[in-house]
Amino acid sequence: MKKYSQILGTGSYLPEKILTNFDLEKIVDTTNEWIVERTGIRRRHIAEKHETALTMGEKAARNAMDAAGITPEEIGMIIVATTTPEKMFPSTACLLQQRFGIAGCPAFDLNSTACAGFMYAFSIADQYIRQGAIKYALVMGSEVMSRIVDWSDRTTCVLFGDGAGAVVLGASNKPGVLSTHLHADGTHKDVLSLDHSIGRPIDVEEELYIKMTGNQLFKLAVNILGDLFDETLEANSMKKSDVDWLVPHQANIRIIQAMAKKLDLPLDRVAITLEDQGNTSSASIPLALDKAVRDGRIQHGNTLLLEGFGGGLAWGSALIKY
Ligand code: ACO
């Protein structure tokens with residue numbers, strides 16, 4: 001019998017501290033109107049000093065395991081997507097494993113796929129489950145983006161937020177994850193980068209922060225994601241009208257609107273957290289999914305299309321019978 005992986009539980013964590021656009025008006029030369037009109041963002045959560053990818057990730061993970069009704073001992077693989085890991089190594093995933101008091105299962109971080117990280121992690125876990133190698137996987141995105149933005153650069157600091165989202169995937173004989181699709185194109189390496197490397201000396205202070213050519217990335221994202229939707233639906237012989245929910249990476253409301261239009265979906269069939277959370281990089285997809293699952297908008301039996309894109313460029317999707 002064909003094996004699938006299925007989403008068994010979701011969880012999230014957001015720091016309590018909130019930074020509004022009006023707060024940002026006092027920090028950089030910007031306005032609430034510009035930010036809302038150009039991005040759709042009104043506020044974002046910002047980690048306190050003691051909060052990290054590990055502490056936030058642990059809370060989201062425990063939340064997801066509770067929702068799935070499984071214990072840490074049952075987890076067969078932990079993957080943490082993060083551009084802001086606790087340490088270079090050991091991985092945030094290994095540190096989580098230690099906190100859960102479990103040992104033995106593979107645990108690793110995906111550090112460099114930026115906002116596409118969750119889709120990469122999700123796809124890897126899905127392959128292992130479908131092959132029958134593991135029964136349950138904990139897949140998450142956890143980010144403290146506030147620590148890698150230059151708070152004097154208005155073109156980036158208004159966009160990002162902190163948080164963690166997690167999913168428990170489990171083996172099933174019934175259709176769950178129908179397909180995943182991953183891509184990358186290094187020719188666009190300079191459109192979005194954080195050039196700091198622990199393996200070479202820092203030349204200039206700005207290497208510590210995200211650099212982005214926003215308008216170029218915007219156009220690339222719209223084209224790339226349009227093609228990705230076609231590929232994902234064709235692989236499953238499905239039509240746009242078969243998709244009940246779009247769960248997109250939360251980078252810009254105008255990109256999300258363009259993607260909803262591409263799928264002929266009304267915006268109330270799109271899981272959107274951007275207004276309150278900003279762009280939380282690899283955490284944004286599981287955070288949006290968890291919100292829509294917990295408030296009852298996403299129901300069992302719905303067909304979900306998840307998509308993410310980010311630095312690399314790297315991008316990916318999943319089509320899921322929830
Ligand atoms: N407040 C006021 N003005 C601003 C601000 C700001 N915060 N930021 C930029 N501007 C100005 C610019 O300086 C520019 O001024 P100029 O015309 O005098 O030069 C003007 O606004 C227009 O700038 P653009 O960059 O062309 O504005 P755009 O409409 O493209 O919006 C944005 C910028 C929001 C960044 C948009 O391009 C975008 O969302 N791009 C995609 C980002 C994305 O998808 N990221 C996802 C990946 S993130 C990851 O992987 C970590």
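Look a little higher up for the structure.
Residues numbered from 1 in each chain as written. Predicted model: local features only at pLDDT ≥ 70, side-chain atom pairs only at ≥ 80, totals over all residues. Heavy atoms only, no water.

What to know about the sheet that holds strand S7 (residues 162–172)
Strand order in the open sheet made by the 5 strands is S1-S7-S6-S4-S5, with mixed pairing throughout. Each having just a single partner strand, strand S1 (4–13) and strand S5 (107–110) make up the two edges of the open sheet. Neighbour to neighbour, the strand axes of the sheet diverge by 20° on average, direction disregarded. Packed on one face of the sheet, helix H3 (residues 53–68) meets S1, strand S6 (136–144) and S7 and runs near 130° to S1. The strands touched by helix H4 (residues 92–100) within the sheet are strand S4 (78–81), S5 and S6, with S4 carrying the most contacts at an inclination of about 130°. (Pairing = 2+ DSSP bridges. Helix = DSSP H or I, 4+ residues; strand = E, 2+ residues; numbered from the N terminus. Axes fitted to C-alpha atoms, helices over the stretch in contact; angles between N-to-C directions. Contact = heavy atoms within 4.5 Å.)

Some points on the environment of Ser 146
Checked against the element boundaries, Ser 146 lands in the loop between S6 and helix H6 (154–157). A sequence separation of 115 residues divides Ser 146 from Lys 261, and the C-alpha atoms of the two residues are 31 Å apart. What Ser 146 contacts, discounting residues up to four positions off in sequence, is Ile 46, Ala 47, Trp 151 and Asp 162. Of the polar contacts made by the side chain of Ser 146, one reaches the side chain of Asp 162; its length is 2.6 Å. (Polar contact = N/O pair within 3.5 Å; in protein donor to acceptor, adjacent residues only side chain to side chain.)

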